[in-house]
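Residue-level structural notes
Each chain, written out:
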Amino acid sequence: MTAIGIIGSAGRMGQALAAAVPDLGATLAGGIDAGGDPVALARDAGVLVDFSTPAALERTLAAARMARTPILIGTTGLAPTHHALIDAAASEIAVLQTGNVSLGVTLLAKLVRDAAARLGPDWDIEIAEMHHRHKVDAPSGTALLLGEAAAAGRGITLAEARVSDRAGLTGARSEGTIGFASLRGGSVAGDHLVIFANEGERIEIGHRAENRAIFARGAITAALWLADKPAGRYSMDQVLGV
């Protein structure tokens, strides 16, 4: 059985991952948090799963490369410098980085991409998300993933169309933009709604996560899929085959 090593094992997601491992036919190689030794864990694990912090990613990737261990990265709030590090690592090991490991969200992103490709720029796209009060980044990684799917459907980049801050007298909405709204409160595991709005009609496509177990199951499923893959950068689309 494949041994899973968890980076960020004491966090909410880390604990959910550890609970899900035996149910999906894997074993737990161990876990570390701040101050732990990623090199030793990478050597013991068949695949690493990282849900820690952006600040820890460089050290984690270096350990994975040293041990030639595949790694799934579910940490959100990454900057362009982090993605450059991931690209470099993917030249030597298998890496799957995603803003959401839910299989349902993966399918949702495909539906959003298809809808955006078929609807004209006169259809406004807005993405609303809500998470628990402890989440530190906004918009969520999943919201950005869905925004990227919408932008890809329109043949543009999200950077060209993204609007994340509306306050005060912002003026009329610009055609072709993709708006984001973030809500925080309570213990919400993750709600996402993508709205396509036109004159007189509206299409809404959404996903609600009722607990972290769905993310844990998706992450372990993806990690097991990744474990025997050659070096390269992979996506959840490939795991689900969409």
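Our structure is the block above this text.
Residues numbered from 1 in each chain as written. Predicted model: local features only at pLDDT ≥ 70, side-chain atom pairs only at ≥ 80, totals over all residues. Heavy atoms only, no water.

Notes on a nonpolar patch on the surface
To keep things clear, this is the line we draw: Patch construction takes residues with relative accessible area above 30% that form no salt bridge. Like charges are linked within 9 Å, and nonpolar side chains (Val, Leu, Ile, Met, Phe, Trp, Tyr) are linked within 5 Å. For accessible areas, the Shrake-Rupley method is used with a probe of radius 1.4 Å. Any residue's cover is judged against the shown protein chains and nothing else. Any carboxyl oxygen of Asp or Glu within 4 Å of a side-chain nitrogen of Lys or Arg constitutes a salt bridge here. Numbering goes from the N terminus for both helices and strands, where a helix is a DSSP run of H or I of at least four residues and a strand is a run of E of at least two. Any residue under 20% of the maximum accessible area for its type is buried, any over 50% is exposed, and the rest in between are partly exposed; the area is computed with a 1.4 Å probe on protein chains only.
Judged by side-chain polarity, Leu-103, Leu-107, Leu-111, Leu-240 and Val-242 come together as a nonpolar surface patch covering roughly 370 Å² of accessible area. Ranked by residue count, the leading element in the nonpolar patch is helix H5 (residues 103-118), at 3 residues. Here Leu-111 is to be found in helix H5. Residue classification places Leu-111 among the partly exposed positions, given a relative accessible area of 43%.

A look at the side chain of Asp-50
For the record, the criterion: Neither His nor the chain ends is counted toward charge; the positive residues are Lys and Arg and the negative residues Asp and Glu. As used in this structure description, the phrase polar contact means that two N or O atoms lie within 3.5 Å; if the pair is within protein, one of them must be able to donate a hydrogen and the other to accept it, and residues adjacent in sequence are counted only when both atoms belong to side chains. The criterion used for residue contact is that any of the two residues' heavy atoms lie within 4.5 Å.
Residue placement: Asp-50 occurs in strand E3 (residues 47-50). It is Arg-59 that comes nearest to the buried, bridge-free Asp-50 among opposite-charge side chains, at 11 Å. Of the polar contacts made by the side chain of Asp-50, one reaches the side chain of Ser-52; its length is 2.5 Å. Leaving out residues up to four positions away in the same chain, Asp-50 has contacts with Ile-7, Leu-57, Thr-60, Ile-71, Leu-72, Ile-73, Gly-74 and Thr-75.

Some remarks on the sheet that holds strand E6 (residues 124-131)
Just so we agree on the cut-off: Strand pairing is assigned whenever DSSP identifies at least 2 bridges connecting the two strands. Angles shown run from 0 to 180 degrees and are taken between the N-to-C directions of axes, each axis being a line fitted to C-alpha atoms and, for helices, limited to the stretch in contact.
Spatially, 5 strands are ordered E7-E8-E6-E9-E10 in an open sheet, and the strand pairing comes out mixed. With one partner strand each, in any of the chains shown, strand E7 (162-163) and strand E10 (201-209) form the two edges of the open sheet. Sheet analysis places E7 next to strand E8 (residues 178-184), joined by 2 bridges and oriented parallel. Counted as the bridge partner of Arg-162 is Ile-178 from E8. The sheet strands contacting H5 are E6, strand E9 (190-198) and E10, and the helix crosses E10 at an angle near 165 degrees.

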